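Chain and residue survey
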Amino acid sequence: MGHYLDSVPFSGIIRIRDMMYSVKDPFRLDQGDVSFDAPDTVKAAMRRAIDDNRSHYLQTTGVPRLLELLTEKLRTRNGIPVQDPNEVMVTTGGIHALFIACQALLEPGDEVIIPDPTWPPCAGNVRAARAIAVPCPLHEHLAWRYDLDELASKITAKTRAIYVNSPHNPTGGVLRRADVEAIAALARRRGVWVLSDESYEDVIFDEAEHVSPASLPGMYERTISLYTFSKTYAMTGLRLGYLAAQDSQLRERMKKVLFYTASNVTSVVQFGGIGALEGSQVSVGAYRDELKARRDLFYGGIKDAASGQLTGEPPRGAFYAFLRIDPRWLPPGGTEPGQSLSWTMAEYLISQGRIGCVPGVDFGANGEGYIRFCFARDRRELSGALESMRALFRSRSMLNASC
Ligand SMILES: Cc1ncc(COP(=O)(O)O)c(C=O)c1O
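Residues numbered from 1 in each chain as written. Predicted model: local features only at pLDDT ≥ 70, side-chain atom pairs only at ≥ 80, totals over all residues. Heavy atoms only, no water.

Turning to the overall build of the protein, a few remarks are in order. In terms of regular secondary structure, the protein is built from 13 helices and eleven strands. A compact globule built from 403 residues would reach a C-alpha radius of gyration of about 22 Å, and the protein, at 21 Å, matches this within 12%. Overall, the protein is about 65 × 55 × 45 Å in size when its C-alpha atoms are taken along their principal axes. A total of 403 residues make up the protein; the buried ones form 57% of that total. Carbon and sulfur atoms form 50% of the exposed surface of the protein, whose accessible area is close to 17,100 Å². Mean positive and mean negative side-chain charge positions of the protein (46 and 47 charges, respectively) differ by 0 Å. (Helix = DSSP H or I, 4+ residues; strand = E, 2+ residues; numbered from the N terminus. Rg over C-alpha atoms; globule rule 2.2 N^0.38 Å. Buried < 20%, exposed > 50% of the residue type's maximum accessible area, 1.4 Å probe, protein only. Areas by Shrake-Rupley, 256 points an atom, 1.4 Å probe, with all protein chains shown as cover. Lys, Arg positive; Asp, Glu negative; His and termini not counted. Charge placed at Lys NZ, Arg CZ, Asp CG, Glu CD.)

Turning to the pattern of salt bridges, a few remarks are in order. Evaluated as defined, the whole model comprises 22 salt bridges. The shortest N-O distance in the salt bridge between Glu-140 and Arg-324 comes to 3.0 Å. Here Glu-140, found in the loop between strand E3 (132-137) and helix H6 (148-153), pairs with Arg-324, found in strand E9 (residues 320-325); they are 184 residues apart in sequence, far enough to count as distant. Between Lys-292 and Asp-206 there is a salt bridge whose closest N-O contact spans 3.9 Å. Separated by 86 residues along the polypeptide, Lys-292 in helix H11 (residues 282-305) and Asp-206 in the loop between strand E5 (193-197) and strand E6 (223-228) bring together distant segments of the chain. Among the charged side chains, a salt-bridge network with shared partners connects Asp-206, Lys-292, Arg-295 and Asp-296. (Salt bridge = Lys/Arg side-chain N within 4 Å of Asp/Glu carboxyl O.)

This part is about the pairing of strand E11 (residues 370-374). Of all five residues that make up E11, five are buried, and the element is covered over most of its length. Of the two faces of E11, the one lined by Tyr-370, Arg-372 and Cys-374 and the one lined by Ile-371 and Phe-373 are each fully buried. The pairing of E9 with E11 spans five bridges and is antiparallel. Bridge pairing in E11 links Leu-323 to Ile-371. With two bridges connecting them, strand E10 (residues 358-359) and E11 associate as antiparallel partners. Directly across from Val-358, in E11, lies its bridge partner Arg-372. (Pairing = 2+ DSSP bridges.)

Turning next to helix H5 (residues 120-128). Given 3.6 residues to a turn, an α-helix orients residues that are three or four positions apart in the same direction. The element H5 is largely enclosed, with a buried count of seven among its nine residues. Within H5, the full set of buried residues consists of Pro-120, Pro-121, Cys-122, Gly-124, Asn-125, Val-126 and Ala-128. At the exit of H5 stands Arg-130, carrying a positive phi of roughly 65°.

Moving on to the site of the ligand. Contacts to the ligand come from 13 residues, most closely from Gly-94, Asp-197, Tyr-200, Thr-228 and Arg-239. In the environment of the ligand, an oxygen atom lies 2.8 Å from a nitrogen or oxygen atom belonging to the side chain of Lys-231. In isolation the ligand offers 390 Å² of accessible surface; the protein chains occlude 92% of this area. Class assignment for the residues of the shell around the ligand results in three nonpolar, seven polar and three charged. (Near = heavy atom within 4 Å. Polar contact = N/O pair within 3.5 Å; in protein donor to acceptor, adjacent residues only side chain to side chain. Nonpolar A, V, L, I, M, F, W, Y, C, P; charged D, E, K, R; others polar.)

With that settled, the discussion passes to the nonpolar core. Grouped together as the largest cluster of nonpolar side chains are 45 residues, with contacts concentrated most on Phe-298, Leu-310, Phe-319, Leu-349, Ile-371, Phe-373 and Met-389. Taken together, the elements giving at least two residues each to this core come down to helix H1 (12-20), H11, E9, helix H12 (341-353), E11 and helix H13 (379-393). Counting the residues that make up this core, at least three belong to each of domain 1 (7-37 + 283-398) and domain 2 (40-278). Not counting chain neighbours up to four residues away, the residues in contact with Phe-373 comprise Leu-29, Phe-298, Leu-310, Phe-319, Tyr-320, Ala-321, Leu-323, Leu-349, Ile-355, Gly-356, Cys-357 and Met-389. With 31 residues, the next largest nonpolar core counts Met-46, Val-82, Ala-244 and Val-269 among its residues. (Core = buried A, V, L, I, M, F, W, Y, C linked by side-chain atoms within 4.5 Å. Domains from an automatic or database assignment. Contact = heavy atoms within 4.5 Å.)

Before going further, it helps to examine unusual backbone geometry. Here the amide bond leading from Asp-116 into Pro-117 is cis, since omega sits at 5°, within 30 degrees of zero. You can see Pro-117 is positioned in the loop between strand E2 (111-116) and H5. With an omega of 20°, the peptide bond between Asn-169 and Pro-170 qualifies as cis. As for its position among the elements, Pro-170 is in the loop between strand E4 (159-165) and helix H7 (177-190). The backbone of Trp-144 sits at a positive phi, close to 60°, despite the residue not being glycine. Here Trp-144 shows up in the loop between E3 and H6.

Below, the discussion takes up helix H4 (residues 93-105). Taking 1.5 Å as the rise per residue, H4 with 13 residues should run 18 Å; its terminal C-alpha atoms sit 19 Å apart, in good agreement. Here H4 has its buried residues at Gly-93, Gly-94, His-96, Ala-97, Leu-98, Ile-100, Ala-101, Cys-102, Ala-104 and Leu-105. (Expected span 1.5 Å × (residues − 1).)

Spatial ordering of the open sheet is given by E8-E9-E11-E10, a layout of four strands whose pairing is antiparallel. Where the open sheet ends on each side, the last strands, each with one partner, are strand E8 (310-311) and E10.

Printed below as a string of structure tokens:
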């Protein structure tokens, strides 16, 4: 890698995270971390693992019992025809799963179609594998889904894969079954892979349905399915993810990347994963219900709190509000030359309102003009942020008088 890494961008979200450390009493709506704690089933299993001295090297791809439980989960909940636990690999979080998949699948110069906007490590991981990220817009007027003809038009002779993320970070868009079927048909017809990032599979609201591309006919053989315990079980800091793929040559390559980057995923955490899957799943539904209540609280308050200058429809998945900024908005002191609207808004909300948020442009060019808030924070924090915003936007003088 060496100097090539100088050309791989760092995530803008991390830049904001670093900024937030200098804010006193912040409302941390910037990062995608839930305020819940991991369920007792996870904590008890990790305690047991410590007491049982499970602190030694493990099998490279994961503890057999965990791989067995994951195989069962992928078969029954995702409908993916996983035959054998060897087809599953445990990783250090979802981000590591994506790194491994990109390193093993991509050649220099390969193109990967990614959504615009996108979770920044998606583009970063494609670039880190010396491949080319080709953005394809998601459209607000389509509830942040693709125009499927536009997606098809992005495929070239160099396209190796389509990265699909549904439910989607940062917009909360959820692909419909018909979208996933159309993408699958396209992948089969054009002979490309699907990298399916299903990190938010359990964070789904209203009548939305999560469809795993690898569950569709002829798709498991050309899909790498990526998952994490971070969101479903509130285990963000514990770093546990996994992936599944049918292709044995690809798996051998992925195993090498896994081995050379982690040897094996932290033992105690893997036992926590076993606890999560063997135990009651009540917390998963409870988290989802609470996240829906928080979504409704945030969207119920935002219109009024932002005086109509931040708008959008409640998302049907994930836990982000990706809101359109009124293009006429100006901060009291005016804008800095060359600074984007979304950065200007983010800096204003952070420095004047202590409200963590991420400028839309950090997720891609098509994200410019929007701003992302995470509503997975607790209700008091969300209400505090709304109150702070209300105070900031009260003055009508902030509107550009000329418009
Ligand atoms: C779309 C998407 N994929 C993957 C991840 C990876 O999560 P983790 O590395 O915490 O498992 C995230 C985390 O925010 C995400 O938003």
